[in-house]
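Examining the three-dimensional arrangement
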Amino acid sequence: MNLPLSEILPMGASAGPDGHLRIGGCDAVELAAEHGTPLYVYDVGTVRSMCREFVGEFGARYPDSRVLYAAKAYLGTAMARLVAEEGLGMDVVSGGELAVARAVGMEPGDVFFHGNNKSTAEVREAMDYGIGRFVADSFHELELVEAEAARRGVVQPVMLRLSPGVDAHTHAKTTTGILDTKFGFPIETGDAERAVRMALEAEHLDLTGAHIHLGSPIFELEPYAVGIDAALTFLAPLCGEGLSLRDFSPGGGFAVGYTAERLPPPVSEYADVIARTVAGRCRGLGIAEPRLLIEPGRAIVARAGVALYSVGGIKDIPGLRRYVSVDGGMGDNIRPALYGARYEALLANRALDAADEAVRVVGKYCETGDILVEEAMLPSPRTGDLVALPVSGAYGMSMAGNYNLNPRPAVVMVEDGSATLVRRRETYADMMALEVDAL
């Protein structure tokens, strides 16, 4: 019997003769028994494969390209080392993500600092490290970086994040390229041109290029072409007025298949459109082709990760619904509650049993909206079963919190039949260690 959801499970996932889900050659039931649940399992082989696919597909079409891992999707020291081993740089958005990059010795020039409101401390930490680029998102930031660079007597490379006014047709809460968003200098208001001139005139800034990001996840290819065209058309006249366009990034946002019924285009098709549009528009506009920077995050780690949960209480409402409660939920994966993200599920301990019942998989948190899967087709679940949610590798752990004072889960990485604990389960003592009892 074929393993269900094989299109969205980690590459090479299988079922053993006992019907247990196997990831990276490891038995998911054994992993849960050893490390407890909720548990996040990352397949190293899938991460490596996706890194190599992005590097290979973009490099084949646009040789002067650089792949930067968007760390916000999921970051820990083990993941940082893994993507660095595969030759990726890193896109960070906080001092914490920068600290991880520093901890693993990532080449400073390969680290690009994004974000719409960097603090003075973060700017200083990044400059201490010799960061490759700040991707400036406001006039305030340009002033902040210029002042810090002047204080140090250095010239700091920067890029500008532009808002091209392009709708990527994704969720309202993950659309970032339109006018009405907190991100970027809008082209249509004149702020983008003013920012370019401000950066060019700054004594201690070296403006190397521009960045756009349209949103995520983007299943369509056309928005990339439209956004790139808008940005390069805007930048071309400024190249004749002192701008040396050496770096250009269309961002990331590459989609992944969260459900088997909706799979994204292959990486090769994204690469085709992006590389062809950048090269073609540069030729048409008479400007030199810049280095192309792309920023996949979700597309690198989402499919690699599987979340495992233990089934507890089951509530039947005759004629209406069966609720299957698990020991995690919105505390370790807020995406369904935050913006209606859809997942599919299977039973890791009965992976080959026929899925014959529609149930609602819900979490343990004190919110009615704590729903992981609205309607999951499963073999009739029982208390003690192990629920697996594929495609949980992005924005689950990175957005996890301690709501209801629940500890965050452990994380293991699996490869060739071996499992390595890379993040231990949080404890009550960990949480209380932050308390300052001043009463």
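Presented here is an overview of the structure given in this document. (Residues numbered from 1 in each chain as written. Predicted model: local features only at pLDDT ≥ 70, side-chain atom pairs only at ≥ 80, totals over all residues. Heavy atoms only, no water.)

Attention now goes to the overall build of the protein chain. Counting secondary structure elements, the protein chain contains 12 helices and 21 strands. Computed over the C-alpha atoms, the radius of gyration of the protein chain is 23 Å, within 12% of the 22 Å expected from 2.2 N^0.38 for a compact globule of 439 residues. Once the C-alpha set of the protein chain is aligned to its principal axes, its extents read approximately 70 × 60 × 40 Å. By residue count, 55% of the 439 residues in the protein chain fall in the buried class. At a minimum sequence separation of 6, the contacts of the protein chain that also span at least 24 residues come to 70%. Summing over all exposed atoms, the protein chain offers an accessible surface of approximately 17,900 Å²; the carbon and sulfur share of this is 50%. If the 39 positive side-chain charges of the protein chain are averaged to one point and the 59 negative ones to another, these points end up 1 Å apart. (Helix = DSSP H or I, 4+ residues; strand = E, 2+ residues; numbered from the N terminus. Rg over C-alpha atoms; globule rule 2.2 N^0.38 Å. Buried < 20%, exposed > 50% of the residue type's maximum accessible area, 1.4 Å probe, protein only. Contact = heavy atoms within 4.5 Å. Areas by Shrake-Rupley, 256 points an atom, 1.4 Å probe, with all protein chains shown as cover. Lys, Arg positive; Asp, Glu negative; His and termini not counted. Charge placed at Lys NZ, Arg CZ, Asp CG, Glu CD.)

Turning our eyes to something else, we now look at the nonpolar core. Core analysis: the largest hydrophobic core is formed by 136 residues, its most contacted members being Leu21, Phe54, Tyr69 and Met79. Considering every element that reaches this core, the biggest residue donor is helix α9 (residues 267-285), with nine residues. Each residue touching Met79, except ones within four places of it in the same chain, is listed here: Tyr42, Val47, Tyr69, Tyr74, Val301 and Met413. Counting residues in hydrophobic clusters, the runner-up holds five residues, among them Phe112, Val135, Met159 and Leu293. (Core = buried A, V, L, I, M, F, W, Y, C linked by side-chain atoms within 4.5 Å.)

Right, let's talk about helix α6 (residues 139-152) for a bit. A rise of 1.5 Å per residue sets the reference length of α6, with its 14 residues, at 20 Å; its end C-alpha atoms lie 20 Å apart and thus fit the reference within 8%. Residues of α6 that are buried make contact with α5 (120-129), β8 (133-136), β9 (156-163), β10 (185-186), α7 (191-201) and β11 (205-211). Just downstream of α6, Gly153 is the residue with a positive phi angle, here 70°. (Expected span 1.5 Å × (residues − 1).)

So, about the packing of aromatic side chains. Any two aromatic rings considered together are summarised by their centre-to-centre distance and by the angle between their planes. Overall, the coordinates contain 11 aromatic pairs when judged by the stated rule. Ring geometry for Phe54 and Phe254: centres 5.2 Å apart, planes at 50°, overall tilted. Residue Phe54 is located in helix α2 (residues 44-61), and its partner Phe254 is located in the loop between β12 (247-251) and α9; the two are separated by 200 residues in the primary sequence. Here Phe54 matches Phe254 in class, with each residue buried. Between Tyr224 and Tyr270, the aromatic rings sit 5.8 Å apart at their centres with planes inclined by 85°, giving edge-to-face as the arrangement. One end of the pair, Tyr224, is in helix α8 (residues 222-239); the other, Tyr270, is in helix α9, with 46 residues separating them in the sequence. The residues Tyr224 and Tyr270 share a single accessibility class, namely buried. (Phe/Tyr/Trp six-rings, centres within 6.5 Å; stacked < 30°, edge-to-face > 60°.)

Strand order in the open sheet made by the three strands is β1-β2-β3, with antiparallel pairing throughout. With partners counted over all chains shown, the strands left at the sheet margins are β1 (14-15) and β3 (26-27), one partner each. Note that β1 and strand β2 (residues 21-23) share two bridges and pair antiparallel. Its bridge partner being in β2, Ala15 is matched across the sheet by Leu21. (Pairing = 2+ DSSP bridges.)

Alternating positions in strand β19 (residues 386-389) separate into two faces, Leu386 and Ala388 on one and Val387 and Leu389 on the other, with burial throughout. Bridging between strand β14 (residues 305-317) and β19 involves four bridges; their strand directions are antiparallel. Bridge pairing in β19 links Ser310 to Leu386. As judged from the two bridges shared by strand β16 (residues 346-347) and β19, these two strands associate in the antiparallel manner. Looking across to β19, one finds that Leu347 is bridged to Val387.

This brings us to the environment of Thr189. For Thr189, the location among the structural elements is in the loop between β10 and α7. By relative accessible area, Thr189 is classed as partly exposed at 46%. Note: C-alpha distance between Thr189 and Ser163 (26 residues apart in sequence) is 9.9 Å. Looking at Thr189, its side chain comes within polar contact range of the main-chain oxygen of Pro186, at 3.5 Å. Reaching out from Thr189, the side chain makes a polar contact with the backbone nitrogen of Asp191 at a distance of 3.3 Å. (Polar contact = N/O pair within 3.5 Å; in protein donor to acceptor, adjacent residues only side chain to side chain.)

Proximity of charged atoms lets side chains of opposite charge pair with each other. A complete count under the given rule lists 28 salt bridges for this structure. Between Glu148 and Arg152 there is a salt bridge; the shortest N-O distance is 2.7 Å. Within this pair, Glu148 and its partner Arg152 are both found in helix α6, separated by four residues, close to a single helical turn. Judged by relative accessible area, which is 5%, Glu148 ranks as buried. Two residues, Glu426 and Arg408, come together in a salt bridge whose shortest N-O distance is 2.9 Å. Taken together, the residues span a long stretch of sequence, with Glu426 in the loop between β21 (418-423) and α12 (428-432) and Arg408 in the loop between β19 and β20 (410-415) at a distance of 18 residues. Residue Glu426 is classed as buried on the basis of its relative accessible area of 13%. The exposure class of Arg408 is partly exposed, given its relative accessible area of 24%. Among the ionic contacts, a cluster of salt bridges with common partners joins Arg48, Arg52, Glu85, Glu86 and Glu415. (Salt bridge = Lys/Arg side-chain N within 4 Å of Asp/Glu carboxyl O.)

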